[in-house]
Amino acid sequence: QVQLVESGGGLVQPGGSLRLSCAASGFTFSLYAISWYRQAPGKEREVVASISGAAGGRTNYKDSVKGRFTISRDNAKNTVYLQMNSLKPEDTAMYYCTVSRGVPSVTYWGKGTLVTVSS
């Protein structure tokens, strides 16, 4: 079955960096796009970054993280990364990775990893 396991969250000061990892299993990882979402307390869940599957590895970012966050994937390790630099307090949230697959399409979510940006 599809499993997504996030790791790498923690407490970091403003301006600091973290690298999140999403380890995937249960499907042909290289073929599917993976997205990172986040949800801050009291706010709606929002997509932060996505990377396409198959050939290309095209990326997309939420405007507020462009230039600070980088999404990448290692298909040999079935893992997607989110490198987060110049972190701000407003980046504080639970971060989730997701994959959508199947007909009809089903979106799978990991349990999330908490990122707290605070001095």
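Residues numbered from 1 in each chain as written. Predicted model: local features only at pLDDT ≥ 70, side-chain atom pairs only at ≥ 80, totals over all residues. Heavy atoms only, no water.

Caption draft 1: Region of the structure containing the nonpolar core. Membership of the largest hydrophobic core comes to 28 residues, with the highest contact counts inside it found for Trp-36, Leu-82, Met-84 and Tyr-95. Elements supplying a minimum of two residues to this core: β3 (18–25), β4 (34–39), β5 (46–51), β7 (69–74), β8 (79–84), β9 (93–101) and β11 (113–117). Setting aside residues up to four positions removed in sequence, Leu-82 forms contacts with Leu-18, Arg-19, Leu-20, Trp-36, Val-48, Ala-49, Phe-69, Thr-70, Ile-71 and Tyr-95. (Core = buried A, V, L, I, M, F, W, Y, C linked by side-chain atoms within 4.5 Å. Buried < 20%, exposed > 50% of the residue type's maximum accessible area, 1.4 Å probe, protein only. Helix = DSSP H or I, 4+ residues; strand = E, 2+ residues; numbered from the N terminus. Contact = heavy atoms within 4.5 Å.)

Caption draft 2: Spatial organisation of the sheet that holds β3. Sheet architecture is open: four strands sit in the order β1-β3-β8-β7, paired in antiparallel fashion. Whereas interior strands pair on both sides, the edge strands pair on one side only; in this sheet they are β1 (3–7) and β7. Taking each pair of neighbouring strands and ignoring which way they run, the sheet shows an average axis angle of 15°. As paired strands, β1 and β3 are joined by five bridges and run antiparallel to one another. Bridge pairing in β3 links Val-5 to Ala-23. (Pairing = 2+ DSSP bridges. Axes fitted to C-alpha atoms, helices over the stretch in contact; angles between N-to-C directions.)

Caption draft 3: Focus on the state of the cysteines. In total, this model carries one disulfide according to the counting rule given. Linked covalently through their sulfurs, Cys-22 and Cys-97 form a disulfide whose S-S length is 2.0 Å. Measuring handedness by torsion sign, the sulfur bridge of Cys-22 and Cys-97 sits at about 65° and is right-handed. Here Cys-22 is found in strand β3, whereas its partner Cys-97 is found in strand β9, with 75 residues between them in sequence. (Disulfide = S-S within 2.5 Å.)

Caption draft 4: Molecular detail of the pattern of salt bridges. Tallied over the entire structure, the rule returns five salt bridges. For Asp-91, the salt bridge identified is with Arg-38, shortest N-O distance 3.0 Å. Of this pair, Asp-91 sits in the loop between β8 and β9 while Arg-38 sits in strand β4; the two residues are 53 residues apart in sequence, bridging distant segments of the chain. Taken as a pair, Asp-91 and Arg-38 share a single burial class, namely buried. The salt bridge partner of Lys-62 is Glu-46, with a shortest N-O separation of 3.2 Å. Residue Lys-62 is found in the loop between β6 (59–61) and β7, and its partner Glu-46 is found in strand β5; the two are separated by 16 residues along the sequence. Residues joined by salt bridges that share partners form a network here, namely Arg-38, Glu-46, Lys-62, Arg-68 and Asp-91. (Salt bridge = Lys/Arg side-chain N within 4 Å of Asp/Glu carboxyl O.)

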